[in-house]
Amino acid sequence: MQAFHSNWTKPFFSKHVGAYYIEDFELLTTILSALTWQEFNGDIQMITDEIGAAYYHKLGIEKIWNLGIDDSLESKMKGKIDPSTFWAAGKLYALEKQNAPCVMLDTDFIIWKPIEEELKKHELTVIHRESLQEDVYPNKEKLMVRPSYQYPVNWDWSLEACNTAFTFFNNEAFKAYYVDESIRFMEGVVGEDPLIYMVFAEQRLLAMCAEEKEIDIYAFSNTEDLFHSNQEMFTHIWGYKRYIRSNPLVRENFCKRCIARIQNDYPMYYPLLYRIESLIPYLK
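Here the structure is a predicted model, which means the values were calculated and not measured.

(A) Spatial organisation of the overall build of the chain. The helix and strand inventory of the chain stands at twelve helices and nine strands. Against the compact-globule benchmark of 19 Å for 284 residues, the chain has a radius of gyration of 19 Å, which places it among compact chains. Projected onto its principal axes, the C-alpha positions of the chain cover 60 × 45 × 35 Å. Burial analysis of the chain (284 residues in total) assigns 54% to the buried set.

The structure is reproduced here in structure tokens:
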């Protein structure tokens, strides 16, 4: 089963000045995400731009992706998408280059067990569905789009969104339709809210496209079970990042736990961590 990570670096430079970097805890989840996928489920590639590829090579971790690093992402985007508003657009352009069946996997999402056999049973799999909270998924009338943009008339706006931190596409025609509609929406937006427009293009739109094309959505989990202490299949730190950033001790403990897991489960990759300056304090 082939998966891909993606990293579009332009959103970083819309908020930061200076050299590109990835925070310590996110580097560690990236490494674990890539290595656990290979151990339990298949091959994986990183799709990024030239800056991202150079950064991974500088750190010396390019070998964690057994299918290597593709640095052509930026050339596919052609400067049409606002990186401030659509900070995760890179994953959709990366998906455009993939052939189904394929897994779109965020670098902060780790899968600890084999899931390939279950994936093969479904045309579309996501990690969980999301309720339509007004502050995240507002009504259609509140989305600011160009007069030339028109929503497909058959979309059902009452459907729960799909969390796409982990998404499996087993239907090439549907994958292409979803990507085309997502990009068409992003190019049609005039609003600038970096939350509501991105999650619509990536997550809510997916559910509506699937229903329109009569594609059943299989969800591995739900928001309650995903974070339950008995849940041992996945780790997703998206909602935990702000807490990690604001609590130095939590950050240190999290990084040390990740490092210990790499040392124990993937000892051949452990020496690579000594090349990453931000991780040195946790290795002493």
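(B) Molecular detail of the side chain of S182. As for its position among the elements, S182 is in helix α7 (residues 172–188). Residues within four places of S182 in sequence aside, it is in contact with L92, A201 and L205.

(C) Broad picture of helix α11 (residues 248–265). With 18 residues, α11 extends 26 Å between its outermost C-alpha atoms, agreeing within 8% with the 26 Å of an ideal straight helix rising 1.5 Å per residue. Along α11, the positions that sit buried rather than exposed are V250, R251, F254, C255, C258, I259 and I262. End-on view of α11: buried residues confined to an arc of 165°, all on one side of the axis. Turned more than 90 degrees away from the buried face of α11, the exposed residues are L249, R257 and N264. Next to the buried residues of α11 lie α2 (24–40), α10 (241–246) and α12 (280–283).

Rules used in this analysis
- In this numbering scheme, every chain counts its residues from 1 along its sequence in written order.
- For this predicted model, a pLDDT threshold of at least 70 governs which residues receive local features, and a threshold of 80 or more governs which side-chain atom pairs are given and counted, while totals over whole chains, interfaces and linings are taken from all residues.
- With hydrogens and water set aside, each side-chain value is computed from the structure's full complement of heavy atoms.
- The secondary structure listing takes helices from DSSP runs of H or I that are at least 4 residues long and strands from runs of E that are at least 2 residues long, numbered from the N terminus.
- Between the two quantities, the radius of gyration covers C-alpha atoms and the globule rule is 2.2 Å times the number of residues to the power 0.38.
- The buried label goes to any residue with under 20% of its type's maximum accessible area, the exposed label to any with over 50%, and the partly exposed label to all in between, with areas taken from a 1.4 Å probe on protein chains only.
- Contacts are assigned to residue pairs with any non-hydrogen atoms lying within 4.5 Å of each other.
- Expected helix span is given by 1.5 Å per residue-to-residue step, counting one fewer step than there are residues.
- It is the directions from the helix axis to the C-beta atoms whose arc is reported.

By themselves, these observations are geometric and do not establish any function.
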